[in-house]
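Observations on the three-dimensional arrangement
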Amino acid sequence: MADSEFPAIILASGSTDLAGYIAVNKAQIDEQLGAVGAVLLRGFAVPDAPAFDAAVQSYGADNFAYAESLSNAVRVNVTQRVFTANEAPPETSIYLHHEMAQTPIYPSKLFFYCEIAPSEGGATPICRSDILLDRMAIETPELLEAFATKGVRYTNVMPADNDAGSGQGRSWKSTLNAETKDAAEARLAKLGYTHEWLDNGSLRATTPVLPAVRQLADGRRSFFNQLIAAFRGWSDSRNTAHKSVSFGDDMPITGADMEPVIALSDALTYDLQWQAGDVALLDNYLVMHGRRPFAGKRRVLASLVA
């Protein structure tokens, strides 16, 4: 499939049950997903969250539960496998990222479902990270080599209680599935994090060295990380974006480093303009996603695949 056919789009007449369609046509969907990393299923009968849940179940893959993840975002479960995409305020931009790539634990695929399309804005920007990496290899080869060889580390300050006003507002209790500081410290140690408790009860945690480049099964390489989102958007009352990321050797990642990467990703981004009933399937290893600010009511739900 040509690079220009992104995302792949499968159209239905409005009465076709999506769960049944996926069960019969999974091989075709996976072929398109493997080629370009994003498939939009539009015009199917997906009236509500239970219908979306049924469609995800029909895909036949193991669920990646939000409760067991290390996601920074505050989310609310709607069903066991379906939850809100992000509870950050409508005016907040969520920049391009691979889901949970700032942690050692992440899903392989993501389903999104638009239950209510916003009246203004609210697109989901998506970007192919294999093409981004190829462009970086031409335009910023030394920088790409540094990311590939050194890896990256992320630092995030987590509040004691959920802060839905921030895109990084999930509490350390929820993130680490721990009710006490001792339990939180034990989980961090197991995962290889370093940490510091702050006077206000917040927790500053720094990851072990994580990859910034991922080798895909078919030989392609992907710029697989959370660098763009962290550098552009990890800013709230606890976090300062440019202090949230570093190379694996603890050398700072600067604005000069990120400027060409951000420019290239912006140029390669496609804005998925939601229609009610849309379902999108993304390969988390191949495609980054985000969220544009919006006005009016918007309800996009998500489900993750292990």
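The structure contained in this document is the topic of the report that follows. Bear in mind that the values here come from a model prediction, so they are computed numbers and not experimental data.

1. Notes on a nonpolar patch on the surface
Taken together, Ile 9, Leu 11 and Tyr 270 make up a surface patch of nonpolar side chains, about 290 Å² in accessible area. Here Ile 9 is to be found in strand 1 (residues 8-11). Taking the relative accessible area as the measure of exposure, Ile 9 reaches 43% and is therefore partly exposed.

2. A look at the environment of His 195
Mapped onto the elements of the fold, His 195 is located in strand 9 (residues 194-197). Overall, His 195 belongs to the partly exposed group, its relative accessible area being 35%. As a C-alpha pair, His 195 and Glu 185 span 10 residues in sequence and 8.0 Å in three-dimensional space. Not counting chain neighbours up to four residues away, the residues in contact with His 195 comprise Glu 185, Leu 188, Leu 203, Arg 204 and Ala 205. Within the structure, the side chain of His 195 is placed 3.5 Å from the side chain of Glu 185, a separation counted as a polar contact.

3. A closer look at the environment of Ala 276
Looking at where Ala 276 falls in the secondary structure, it is placed in the loop between strand 14 (270-272) and strand 15 (279-283). Under the relative-accessibility criterion, Ala 276 is labelled exposed at 56%. Distance in space between the C-alpha atoms of Ala 276 and Arg 298 is 9.8 Å, their sequence separation being 22 residues.

4. Quick word on helix 4 (residues 141-150)
By the burial criterion, the buried members of helix 4 are Leu 143, Leu 144, Ala 146 and Phe 147. One side of helix 4 holds all its buried residues, which, seen down the axis, span an arc of 155°. Looking at helix 4, the residues exposed on the side facing more than 90 degrees away from the buried face are Glu 142 and Thr 149. Turning to helix 4, the residues buried within the fold contact helix 3 (129-139), strand 8 (152-158), strand 12 (221-222), helix 7 (227-233), strand 13 (245-247) and helix 8 (255-268). Within two residues after helix 4, Gly 151 carries a phi angle of roughly 70°, on the positive side.

5. Focus: the sheet that holds strand 4 (residues 94-97)
An order of 4-16-7-14 is seen for the four strands of this open sheet, with the pairing classed as antiparallel. The sheet is open, and its two borders are formed by strand 4 and strand 14, each paired with just one other strand. Put simply, the sheet's adjacent strands are angled 20° from each other on average, direction ignored. Here strand 7 (residues 124-128) pairs with strand 14 via three bridges, running antiparallel. By the bridge assignment for strand 14, Thr 124 is matched with Leu 272.

6. What about the pattern of salt bridges?
Going through the model one piece at a time under the given rule, you end up with 16 salt bridges. For the salt bridge of Arg 220 with Asp 130, the shortest nitrogen-to-oxygen distance reads 3.2 Å. Of this pair, Arg 220 sits in the loop between strand 11 (214-215) and strand 12 while Asp 130 sits in helix 3, placing them 90 residues apart in sequence. Measuring nitrogen to oxygen at the nearest pair gives 3.3 Å for the salt bridge that ties Asp 266 to Arg 232. Note that Asp 266 is positioned in helix 8 and Arg 232 in helix 7, a separation of 34 residues in sequence.

7. A few points about the packing of helix 3 against helix 4
Direction vectors running N to C along helix 3 and helix 4 enclose 125°, while the axes themselves pass 5 Å from each other. In terms of axis orientation, helix 3 runs oblique to helix 4. Each of Leu 133, Met 136, Ala 137, Ile 138 and Glu 139 in helix 3 lies in contact with helix 4, whose residues at this interface are Pro 141, Leu 144 and Phe 147. In terms of residue class, the contact of helix 3 with helix 4 is built from seven nonpolar, no polar and one charged.

8. Section: the nonpolar core
Leu 18, Leu 41, Phe 52, Phe 111, Phe 112 and Val 279 are the most contacted members of the largest nonpolar core, which totals 46 residues. Of all elements in the fold, only strand 1, helix 1 (18-36), strand 2 (38-42), helix 2 (49-59), strand 5 (109-116), strand 15 and strand 18 (299-305) reach the threshold of two or more residues within this core. Top contributing element to this core by residue count: helix 1, with six residues. If near-sequence neighbours (up to four positions away) are discounted, Val 279 is found in contact with Leu 18, Val 39, Leu 40, Leu 41, Val 46, Phe 52, Phe 111, Phe 112 and Tyr 113. Core analysis: the next-biggest nonpolar cluster, separate from the first, contains 28 residues, Leu 132, Leu 143, Ala 212 and Leu 264 among them.

9. So, the packing of helix 3 against helix 8
Running from N to C, helix 3 and helix 8 point in directions that differ by 135°, and their axes come no closer than 10 Å. Of the possible angle classes, the one that applies to helix 3 and helix 8 is oblique. Crossing hand, helix 3 versus helix 8: right-handed. Here Ile 131, Leu 132, Arg 135, Met 136 and Glu 139 of helix 3 come into contact with helix 8, specifically with Val 261, Leu 264, Ser 265 and Leu 268. Its residues assigned to classes, the contact of helix 3 with helix 8 comprises six nonpolar, one polar and two charged.

Conventions we followed
Every chain is numbered independently, its residues counted from 1 as its sequence is written. Confidence filtering applies because this is a predicted model: local features only for residues at pLDDT of at least 70, side-chain atom pairs given and counted only at 80 or more, and all residues used for totals across whole chains, interfaces and linings. Side-chain descriptors were evaluated using all non-hydrogen atoms of the structure, hydrogens and water having been removed beforehand. Nonpolar side chains (Val, Leu, Ile, Met, Phe, Trp, Tyr) within 5 Å and like charges within 9 Å form the patches, drawn only from residues with over 30% relative accessible area and no salt bridge. Here the open area of atoms and residues is found with the Shrake-Rupley method and a 1.4 Å probe, where only the protein chains shown may cover a residue. Criterion for a salt bridge: a side-chain nitrogen of Lys or Arg within 4 Å of a carboxyl oxygen of Asp or Glu. Only runs of H or I of at least four residues qualify as helices and only runs of E of at least two qualify as strands under DSSP, and these elements are numbered from the N terminus. Three labels apply to residues, based on accessible area from a 1.4 Å probe with only protein chains included: buried if under 20% of the type maximum, exposed if over 50%, partly exposed otherwise in between. Contact between two residues is taken to exist if any of their heavy atoms lie within 4.5 Å; hydrogens are not considered. Two N or O atoms count as a polar contact when they lie within 3.5 Å, although within protein this holds only if one can serve as hydrogen donor and the other as acceptor, and sequence-adjacent residues are included solely when both atoms are side-chain atoms. Picture the helix axis, draw a direction to every C-beta atom, and the arc is the one those directions span. When DSSP finds two or more bridges between two strands, those strands count as paired. Orientation is described by axes fitted as lines to C-alpha atoms, over the contacting stretch for helices, and by angles from 0 to 180 degrees between their N-to-C directions. An angle counts as roughly parallel when it lies under 35 degrees, as roughly antiparallel when it exceeds 145, as roughly perpendicular when it falls between 65 and 115, and as oblique in every other case. All residues other than Ala, Val, Leu, Ile, Met, Phe, Trp, Tyr, Cys, Pro, Asp, Glu, Lys and Arg, Gly among them, are scored as polar; the first ten of these are nonpolar and the last four charged. Among buried residues, the Ala, Val, Leu, Ile, Met, Phe, Trp, Tyr and Cys ones that are joined through side-chain atoms within 4.5 Å form a nonpolar core. Crossings are classed by handedness, with left-handed meaning an anticlockwise turn of the near helix from the far one by less than a right angle and right-handed meaning a clockwise turn.

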